[in-house]
Structure formats: C-alpha cells, structure tokens
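Fold and contact review
The chain contents come next:
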Amino acid sequence: MNWNCILERVAQTESTNDDLMARWRSRELIDPVSRLAKHQTKGKGRAGRQWFAEPNSSLSFSLAYPFNQPQQFLHGLSLVCGLAVIQGISKSLGLDEMSLRQHGLSLKWPNDLLINERKLGGILIEGGKLSSSNANERVWMIIGIGMNLTHSKAIENATQLPISALSELNQKHMPMEADLVWLAILNALGDYLELFATKGFVPFRSQWDFWDAYRNQPVSISESGLIKQTGIAHGINEEGAFLLQEFGKAELTTIYAGDVSLRRHA
C-alpha cells in the first residue's frame, strides 16, 4: 500500500458496506479503512437490489474514505472509482489499458464494469454527513466494490443476466488471488481519490470517455423497471452527469446519478 489505509480481512459478513456504515453512524471512523470479506451473505447493489457473490469466485470489499468538501461537490465519485478499479485491474494483471479496452473492458454510467457488455462488477456508494449543522465535520463516503474473479454459473443463474469475469482478461494465466486484486485497486483508489478531492471530476473526464461503453450509441434510461427516456448517449459533462440526446429533441438532457438503468436501445 502506498497510502495510509487500515486493512481488514474477514471470512464472512453480511455486507462490508453495512459494517462500515455502522461505524460511520456511530462516529467511529477516524482514518480510511477498507474491509474485505471472503464471503458476503447479504451484499447490496444500487436501489436496494441484492449483490450476488461466491466465496471462491468473487471479490467483495468496501472502503470508508473522508472528504472535506460538501457532499454536493462529490458528483462523479462513482465514475472516478470505476477508473481506479480499471487501473487496479491493469496493475494486477500486468496489462496496459489499451489492451484491456481492446479485450472489451469498459465502464457503464454510473457504476458498472463490463466486458463485452456483460457485467464484470459494480460500485455502490453510501454515506455522507451526519450533522448538517457542523461545518467542520468530514463527509465519509462508503465505497463498495464487487467483482467476478472467475465465472460462476450460480451467479449467472441467480441474476438471470450474462456475466463476465476478470479471468477472461487474464492473458498471462496468473493466479486470480482476491487479496492481490484488492490491494492493487486500493493503491489506485488512493491516488484517484486524492486528486478528485482537490480537483473534482474535471481531470478524469477524458479518461472516462475512453472507457465509456455506450458513447454515441442509442440507449434507453429506465427507472423502477420502466423506460423513461431514449436517445443517443453523448458521454458525460464536467460533473460526471450523463448526457442524452433524446429522440425528437434538440437540446441535450442532463441526467444525474439516481435509480436509473442504462441499456442499449434496440
């Protein structure tokens, strides 16, 4: 590790995010801490959905990280974390980013990693500020990251969706050890989050454009399972918000992170 972060490893827990969220609510967090679970029994995805993981084929960990900026200035955090995960993948596999992109690795706004449009992993961010009246209180964000290390038919059956796994990118056939991938991602997160805390999302915008899975393609935006908007994806703005050219409209629509689902539109 090249930055100050407490490391915790447990055999089993319900949710690493919930573990760190409980400490945040109890005001027990002092320094950044990352918690890795070999087996997560009640993992969470966005909008209350379940995150499926298996002990020997998945990576599940969370990071509690403090910011001095107000929470409204942290737009784009999930996108920055996605970029850091890719950097960690690059280091752990010994592959440059161009090779990874050519093999189908990409990011789907706002929080998914894909390989050839099949889900590799996801990011869940919770937390915030406990007291709105305390101007000096730091904003703690709990960043949960889940990833398939090797392919699991059980997970694919549970999600009813095609999934991918990091092993598909492992051209050197290196052992897929969760600890090594975890530490490589944490190293990258240390650098990326420090820059994000001082400069915001602007320095990351062009990098995210490179990994954007659906840029300039027809997509649909759905909420609670219902399609709300369709159009052409136009990337993101300087805050990390999604830009959509809706069919039949001249102006771009700006969409901020929420309970939305981005899909390629037929």
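These figures come from a predicted structure and were not determined experimentally.

1. Comments concerning the overall build of the protein chain
Along the backbone of the protein chain there are six helices and twelve strands. Along the first, second and third principal axes, the C-alpha atoms of the protein chain reach 50 × 50 × 35 Å. Relative to its 266 residues, the protein chain shows a buried fraction of 51%. If you take every contact in the protein chain between residues at least 6 apart in sequence, the share linking residues at least 24 apart comes to 66%. Split by element, the accessible area of the protein chain, about 12,500 Å² in all, is 49% carbon and sulfur.

2. Quick look at the sheet that holds strand S7 (residues 139-148)
Taken in spatial order, the seven strands make up an open sheet running S1-S2-S3-S7-S6-S5-S4, and their pairing is mixed. Edge positions in the sheet fall to strand S1 (6-13) and strand S4 (105-108), since each of these pairs with one other strand and no more. The mean inter-strand angle of the sheet, taken between neighbouring strand axes irrespective of direction, is 20°. Bridging between strand S3 (residues 58-67) and S7 involves ten bridges; their strand directions are antiparallel. By the bridge assignment for S7, leucine 63 is matched with isoleucine 143.

3. Structural notes on the packing of helix H2 (residues 77-93) against helix H5 (residues 178-199)
Packing of H2 against H5 leaves a shortest axis separation of 7 Å and a crossing angle of 135°. Considering the angle they form, H2 stands oblique to H5. Of the two possible hands of crossing, H2 and H5 adopt the one that is right-handed. Along its contact with H2, which presents Leu77, Val80, Cys81, Leu83, Ala84, Val85, Gln87, Gly88, Lys91 and Ser92, the element H5 presents Leu180, Val181, Ala184, Ile185, Ala188, Leu189, Tyr192, Leu193 and Phe196. Here the contact of H2 with H5 is composed, by residue class, of 15 nonpolar, three polar and one charged.

4. Section: empty space enclosed by the protein
Over the atoms, a rolling probe the size of a water molecule traces out where space has been left empty. All chains considered together, the criterion is met by one cavity of 30 Å³ or more. The volume enclosed by the largest cavity comes to roughly 40 Å³. In this structure, the largest cavity is lined by Ser78, Leu79, Gly82, Leu107, Lys108, Pro110, Asn111, Asp112, Ile123 and Trp208. For the lining of the largest cavity, the element with the most residues is H2, which contributes three residues. Here the residues of the lining of the largest cavity are counted per class, giving five nonpolar, three polar and two charged.

5. Quick word on the pairing of strand S8 (residues 218-223)
With six bridges connecting them, S8 and strand S9 (residues 226-236) associate as antiparallel partners. Bridging across to S9, valine 219 finds its partner in glycine 231. As consecutive antiparallel partners, S8 and S9 are separated by two residues, and within that stretch serine 224 has a phi angle of approximately 55°, a positive value.

6. Quick look at the nonpolar core
With 59 residues, the main nonpolar core has Ile89 and Leu189 as its most contacted residues. Not counting chain neighbours up to four residues away, the residues in contact with leucine 189 comprise Phe61, Leu63, Cys81, Ala84, Ile145 and Glu194. Among the nonpolar cores identified, the runner-up in size contains eight residues, and Leu20, Trp24, Val33 and Trp140 belong to it.

7. Description of the pattern of salt bridges
Counting across every chain of the model gives twelve salt bridges. With its nearest N and O atoms 3.3 Å apart, the salt bridge here joins lysine 119 to aspartate 112. What makes lysine 119 partly exposed here is its relative accessible area of 29%. For aspartate 112, a relative accessible area of 9% corresponds to the buried category. Across the pair lysine 249 and glutamate 246 runs a salt bridge whose closest N-O atoms are separated by 3.4 Å. What makes lysine 249 partly exposed here is its relative accessible area of 49%. For glutamate 246, a relative accessible area of 11% gives the class buried. Several salt bridges converge on common partners, so that one network encompasses Glu8, Asp19, Arg23 and Arg35.

8. Thoughts on the side chain of aspartate 212
With respect to the secondary-structure elements, aspartate 212 resides in the loop between helix H6 (205-211) and S8. Although aspartate 212 lies buried, it forms no salt bridge, and the closest oppositely charged side chain, arginine 215, sits 4.8 Å away as judged by the N-O distance.

Rules of the game
Residues numbered from 1 in each chain as written. Predicted model: local features only at pLDDT ≥ 70, side-chain atom pairs only at ≥ 80, totals over all residues. Heavy atoms only, no water. Helix = DSSP H or I, 4+ residues; strand = E, 2+ residues; numbered from the N terminus. Buried < 20%, exposed > 50% of the residue type's maximum accessible area, 1.4 Å probe, protein only. Contact = heavy atoms within 4.5 Å. Areas by Shrake-Rupley, 256 points an atom, 1.4 Å probe, with all protein chains shown as cover. Pairing = 2+ DSSP bridges. Axes fitted to C-alpha atoms, helices over the stretch in contact; angles between N-to-C directions. Parallel < 35°, antiparallel > 145°, perpendicular 65-115°, else oblique. Left-handed = near helix turned anticlockwise from the far one by under 90°. Nonpolar A, V, L, I, M, F, W, Y, C, P; charged D, E, K, R; others polar. 1 Å grid on protein atoms, 1.4 Å probe; cavity = no way out; pocket = protein on both sides within 12 Å on 5 of 7 lines; lining within 4 Å. Points joined across faces, edges and corners; volume = space filled by probe spheres on them. Core = buried A, V, L, I, M, F, W, Y, C linked by side-chain atoms within 4.5 Å. Salt bridge = Lys/Arg side-chain N within 4 Å of Asp/Glu carboxyl O. Lys, Arg positive; Asp, Glu negative; His and termini not counted.

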